[in-house]
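Chain by chain, the residues:
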Amino acid sequence: MKGYLRADGRKGIRDVTLVVYLVECAHHVARSIAASFPAQDVQVIGFPGCYPNAYAQAMLERLATHPNVGAVLLVSLGCEGFDKLGLRDAITASDRPVEVLTIQGVGGTRAAIDAGTRWVSACRAELAARPTVPLTFADLTIGTICGGSDGASGLTANPSIGRAFDTLIERGAACIFEETGELIGCEAHMADRAVTPALGHELIAAVDKAARYYEVLGYPSFAPGNADGGLTTIEEKSMGAYAKSGRSAIAGLIKPGDRPPGGGLYLLDVVPDGEVRFGFPNIVDNAEIVELIACGAQVILFSTGRGSVVGSAISPVIKVCSNPVTFARMADDMDVNAGRILDGEATVDDVGAEIVEVIESVASDATTRSEALGHIEFILTYKSFEPIGPACLPLAGAA
Amino acid sequence: MTRADATDPRLILLDEDDNIVAVARPIKAGENVLIDGAIHALDAEVGLGFKLARRAIAADEPIVKHGARIGIATTAIAAGALVHTHNVRSAYLPSTETLAKAGDPS
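This one's a predicted model, so the numbers in the text were calculated from it and none came from an experiment. (Residues numbered from 1 in each chain as written. Chains lettered and ligands numbered in written order. Predicted model: local features only at pLDDT ≥ 70, side-chain atom pairs only at ≥ 80, totals over all residues. Heavy atoms only, no water.)

Chemist: How do you make sense of the pattern of salt bridges when you look at a structure like this?
Modeler: Pairs can form between side chains of opposite charge whenever their charged atoms are close. Residue and element names in this part refer to chain A. Counted under the stated rule, the structure contains 23 salt bridges over all chains. As a salt-bridge pair, Lys-2 and Asp-365 come within 3.5 Å of each other at their nearest N and O atoms. Highlighted residues: Lys-2 in strand 1 (residues 2-5) and Asp-365 in the loop between helix 13 (348-362) and helix 14 (369-372), separated in sequence by 363 residues. Taking relative accessible area as the criterion, Lys-2 reaches 27% and is therefore assigned partly exposed. Exposure remark for Asp-365: the relative accessible area of 66% places this residue in the exposed category. Between Arg-163 and Asp-349 there is a salt bridge, with the nearest N and O atoms lying 2.6 Å from each other. Here the residue Arg-163 occupies a position in helix 6 (residues 157-170), and Asp-349 occupies one in helix 13, the gap between them amounting to 186 residues. A relative accessible area of 38% places Asp-349 in the partly exposed class. (Salt bridge = Lys/Arg side-chain N within 4 Å of Asp/Glu carboxyl O. Helix = DSSP H or I, 4+ residues; strand = E, 2+ residues; numbered from the N terminus. Buried < 20%, exposed > 50% of the residue type's maximum accessible area, 1.4 Å probe, protein only.)

Chemist: Would you mind showing me how to read the sheet that holds strand 6 (residues 62-65) of chain B here?
Modeler: The pairing of strands in a sheet comes from backbone hydrogen bonds and takes either a parallel or an antiparallel form. Judged by pairing direction, the sheet is antiparallel, and its three strands sit side by side in the order 6-7-8 (chain B) without closing on themselves. A single partner strand is all that each edge strand has here, and the edge strands are strand 6 and strand 8 (88-89) of chain B. The pairing of strand 6 of chain B with strand 7 (residues 68-73) of chain B spans four bridges and is classified as antiparallel. Paired with Lys-65 of chain B across the two strands is Ala-68 of chain B, which belongs to strand 7 of chain B. On the sheet, helix 10 (residues 234-242) of chain A packs against strand 6 and strand 7 of chain B and is oriented at approximately 160° with respect to strand 7 of chain B. (Pairing = 2+ DSSP bridges. Contact = heavy atoms within 4.5 Å. Axes fitted to C-alpha atoms, helices over the stretch in contact; angles between N-to-C directions.)

Chemist: Please clarify how the sheet that holds strand 1 (residues 11-12) of chain B should be interpreted in this entry.
Modeler: Residues and elements named next belong to chain B. Ordered in space as 1-2-5, the three strands form an open sheet in which the pairing is antiparallel. Looking at which strands have only one partner, the edges of the open sheet turn out to be strand 1 and strand 5 (51-53). Pairing geometry for strand 2 (residues 20-23) and strand 5, over three bridges, is antiparallel. Residue pairing in the sheet places Ile-20 in a bridge with Ala-53 of strand 5.

Chemist: I'm lost on the interface of chain A and chain B in this one. Help?
Modeler: Interface size is often expressed as the accessible area that is lost when the parts come together. At the interface, 38 residues of chain A touch 36 residues of chain B. For the chain A and chain B pair, buried surface summed over both sides reaches about 2800 Å², with 64% attributable to carbon and sulfur atoms. Here chain A and chain B share three salt bridges between them. A salt bridge links Glu-236 of chain A to Lys-65 of chain B, with the shortest nitrogen-to-oxygen separation between them at 2.8 Å. Across the chain A-chain B interface, the total number found is 14 residue pairs in polar contact (both at pLDDT 80 or more). Of all the secondary-structure elements, those providing two or more residues to the side of chain A that touches chain B are helix 6, helix 7 (187-193), helix 8 (197-217), helix 9 (224-228), helix 10 and helix 13 of chain A. (Buried area = accessible area lost by both parts, 1.4 Å probe. Polar contact = N/O pair within 3.5 Å; in protein donor to acceptor, adjacent residues only side chain to side chain.)

Chemist: Hey, could you run me through the nonpolar core in this one?
Modeler: A general tendency of soluble globular proteins is for nonpolar side chains to be buried together. Residue and element names in this part refer to chain A. Residues Ile-142 and Ile-359 are the most contacted members of the largest nonpolar core, which totals 65 residues. Per-element accounting of this core gives the leading share, seven residues, to helix 13. Once residues within four sequence positions are removed from consideration, Ile-359 is found in contact with Phe-137, Leu-140, Ile-142, Leu-168, Val-299, Leu-301 and Ile-318. In terms of nonpolar packing, the next biggest core, distinct from the first, is built from 43 residues, Leu-22, Phe-47, Ile-145 and Leu-393 among them. (Core = buried A, V, L, I, M, F, W, Y, C linked by side-chain atoms within 4.5 Å.)

Chemist: Is there a simple way to think about the environment of Tyr-55 of chain A in this case?
Modeler: Residues and elements named next belong to chain A. Within the secondary structure, Tyr-55 is located in helix 2 (residues 54-64). Of the residues examined, Tyr-55 reaches a relative accessible area of 10% and is grouped as buried. Remark: the alpha-carbon pair of Tyr-55 and Leu-203, spanning 148 residues in sequence, is separated by 21 Å. Every residue in contact with Tyr-55, bar those within four places of it in the chain, is listed here: Pro-256, Glu-291, Leu-380, Thr-381, Tyr-382, Lys-383 and Phe-385.

Chemist: Honestly, the domain arrangement of chain A in this entry has me stumped. Any pointers?
Modeler: Residues and elements named next belong to chain A. What the domain assignment lists for chain A is domain 1 (2-133) and domain 2 (137-392). Using C-alpha coordinates to define each centre, domain 1 is positioned 27 Å away from domain 2. Contact with domain 1, which involves 31 residues of that partner, is made by 35 residues of domain 2. Buried surface at the junction of domain 1 and domain 2, summed over both partners, amounts to about 2600 Å²; 58% is from carbon and sulfur atoms. Of all residues in domain 1, Ile-13, Arg-14 and Tyr-55 give up the largest surface area on contact with domain 2, accounting jointly for 24% of the area buried on that side. Where domain 1 packs against domain 2, one counts three salt bridges. Measuring nitrogen to oxygen at the nearest pair gives 3.3 Å for the salt bridge that ties Lys-11 to Asp-139. (Domains from an automatic or database assignment.)

Chemist: How do you make sense of helix 6 of chain A when you look at a structure like this?
Modeler: Each turn of an α-helix holds 3.6 residues, which means side chains three or four residues apart point in the same direction. Residue and element names in this part refer to chain A. For helix 6, with 14 residues, the first-to-last C-alpha span of 20 Å sits near the 20 Å given by 1.5 Å per residue. Restricting attention to buried positions, one finds in helix 6 the residues Ala-157, Asn-158, Pro-159, Ser-160, Ile-161, Gly-162, Arg-163, Ala-164, Phe-165, Asp-166, Leu-168 and Ile-169. Gly-172, located one to two residues past helix 6, shows a positive phi value of around 105°. (Expected span 1.5 Å × (residues − 1).)

Here's what the structure looks like:
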């Protein structure tokens, strides 16, 4: 495996130039600048809101200084509330090339597109000259998510990802699972896996928060349709999603933008703190993927049954398909066929080992299916979080 | 997960500690299935994702899947029988109660 060494010692497996719109009004200019370059090399991300939000500010700081990112162009309209100079300073401090382009200042749309295109062009030439360095699993942070799950997800793709996580953690990687709202009923089991009782307590509290949040929104976790698919209880349904976490000890609880302090398994709490504001915790899978990436994930393992097609900006997404029917119908979109387990052609151990091999190749020269198809989805909306407490990362001092 | 030679290829044992096996491919009523070397006749069709008892399970015994408790048997369940809402209840306590039982560790 090979990577791009950053000033903070982290290594990226991609060398992306980001064009970041700081309000929706700057989105067209950002998109037009990126359009002159290969889609996977120059990617557009941004925040659409006019009013500032501490979460969005922190997220864009973490994303713009992510190891897979080589350089950043910030595109501002000029009158939005985003703290663009604060963001620029954080990127400068990370030793990355950065430029702020203000559309109102440079004379409008056409002038901004021209100036931005020139800057990115010069920047790409500079990045291309940099050497790569060897990379090991200990350099990697891997996130996992499921979307468009089906009755097979909990039998094939999710346990296989769990098996891959066990192997990756043995080899020094940090692995992150998430979506506390889908872990209702697994709290006690999770708490038993925590490295300290105090962390176990925090894990239970995080699921409790999620349960209350979804209750206020009016979305119960166990729907009558679940029983039609063979699921008997809420804890069985949650256990299927929870299987993605594997069997390692849980080393910490983090929130969006927090970086794991070392290798091991972490739970990402994606449900906002405080009273219910701004609606759904995450409106779509890509919002959760972005949060995993903001925690430093250079690769995402995406378990799908009905057939998600998405990728993501910044970090490659590896699609693990739970059933052979979907895989056959959408093979071009899928990286791993975990449905072979249903046909008796492979075991969970086999597919887990295959996932690790695919990560190895994606961290070398291979592209994922979603990268090859041009998927670079990105979404960031308003949220609000309190910082994690001291019990959440008990091993941080020892690392 | 293993697929022991003594178990039907249409069934998946997710964890050695499990007392259920998961159905990987639909099986019709009246067909025989092989679980841990024993043959059982199915009395109803079962689809992907449903569960069959791996051995006899007593009333009030936990149902174990993925190596974890996913519910409690409400009645005695024979080996090879369907394990679902008619003979299993949730053992889930809302987290607030779990927290209260766990006490404050600090």
